[in-house]
Amino acid sequence: MNLAAKTARYSDMLFIGSFALAGLLVLILLIANIKGFSGFFYWISIPFGSVSLLILAGGIWLKQSEYFNRFAIKAQHIYSAITGACYYYTDVLLMINAAMLVFSIISMIIFWVAGRKKVSVQ
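The following paragraphs examine the structure supplied in this document.

**Here we look at the side chain of Thr-90**
Along the chain, Thr-90 turns up in helix H4 (residues 76-118). Ignoring any residue separated from it by four or fewer positions in sequence, one finds Thr-90 in contact with Gly-59, Leu-62, Lys-63 and Phe-68.

**Observations concerning the packing of aromatic side chains**
The tally for this structure, following the rule as stated, stands at 10 aromatic pairs. Arranged with centres 5.8 Å apart and planes meeting at 40°, the rings of Trp-61 and Tyr-67 form a pair that is tilted. Trp-61 sits in the partly exposed class, given a relative accessible area of 49%. In this structure Tyr-67 comes out as partly exposed when scored by relative accessible area, which is 33%. Centre to centre, the rings of Tyr-67 and Phe-71 are 6.4 Å apart; their planes meet at 80°, and the pair counts as edge-to-face. For Phe-71, a relative accessible area of 29% gives the class partly exposed. Ring pairs connect the aromatic residues Trp-61, Tyr-67, Phe-68, Phe-71 and Tyr-87, which therefore count as one cluster.

**Overview of the side chain of Ser-52**
Inspection of the secondary structure assignment puts Ser-52 in helix H3 (residues 37-64). There is a polar contact of 3.0 Å between the side chain of Ser-52 and the backbone oxygen of Gly-49.

**Remarks on the packing of helix H2 (residues 11-32) against H3**
Here H2 crosses H3 at 145°, and the two axes come no closer than 8 Å. Here H2 and H3 pass one another in a crossing that is right-handed. Taking contact as the criterion, the partners of Val-26, Leu-29 and Leu-30 in H2 are, on H3, Phe-37, Phe-40, Trp-43, Ile-44 and Phe-48. Split by residue class, the contact of H2 with H3 holds 8 nonpolar, no polar and no charged.

**Some details on H3**
If you check H3, its first and last C-alpha atoms are 40 Å apart, about what 28 residues at 1.5 Å a residue would give, namely 40 Å. Burial in H3 covers these residues: Ser-38, Gly-39, Phe-40, Phe-41, Ile-44, Ser-45, Gly-49, Ser-52, Leu-56 and Gly-59. Positive backbone phi, at 50°, marks Glu-66, one or two positions downstream of H3.

**Regarding the environment of Phe-103**
By secondary structure assignment, the location of Phe-103 is in helix H4. Considering only alpha carbons, one finds Phe-103 and Phe-40, 63 residues apart in sequence, at a separation of 13 Å. In this structure Phe-103 touches Ile-44 and Phe-48, once residues within four positions along its chain are discounted.

**Overview of the pattern of salt bridges**
Taken as a whole and assessed by the stated rule, the structure comprises 1 salt bridge. Two residues, Asp-91 and Lys-63, come together in a salt bridge whose shortest N-O distance is 2.8 Å. With Asp-91 in helix H4 and Lys-63 in helix H3, the pair connects residues that are 28 residues apart, well separated along the chain. Its relative accessible area of 28% is what places Lys-63 among the partly exposed residues.

What counts, and where the lines are drawn
- Residues numbered from 1 in each chain as written.
- Predicted model: local features only at pLDDT ≥ 70, side-chain atom pairs only at ≥ 80, totals over all residues.
- Heavy atoms only, no water.
- Helix = DSSP H or I, 4+ residues; strand = E, 2+ residues; numbered from the N terminus.
- Contact = heavy atoms within 4.5 Å.
- Phe/Tyr/Trp six-rings, centres within 6.5 Å; stacked < 30°, edge-to-face > 60°.
- Buried < 20%, exposed > 50% of the residue type's maximum accessible area, 1.4 Å probe, protein only.
- Polar contact = N/O pair within 3.5 Å; in protein donor to acceptor, adjacent residues only side chain to side chain.
- Axes fitted to C-alpha atoms, helices over the stretch in contact; angles between N-to-C directions.
- Left-handed = near helix turned anticlockwise from the far one by under 90°.
- Nonpolar A, V, L, I, M, F, W, Y, C, P; charged D, E, K, R; others polar.
- Expected span 1.5 Å × (residues − 1).
- Salt bridge = Lys/Arg side-chain N within 4 Å of Asp/Glu carboxyl O.

In structure tokens:
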């Protein structure tokens, strides 16, 4: 429990740090595909789409099955705080991954449109 309490103090910094790292990796991917710019959208859309679908499926299952209501905690105020936090973070996770799925679909459309313009039939 002490480790969880220590880790919870840094959860905001870990969350921001993970987004910063993901942004850095996306920037590196953009620089690597600078000549074939449409390829950047392909390499963004495929992993973002697949990861967001997997996380959305798990998050939707957690919400619909009311999984966190099964916790057995005797003190009502602690039970309410823990389950409320779990449902809140699940909602945040669902919103972020829904946005990521929309972004990946838009990226795939951009890749498809940019790839079609390159092809010339003679």
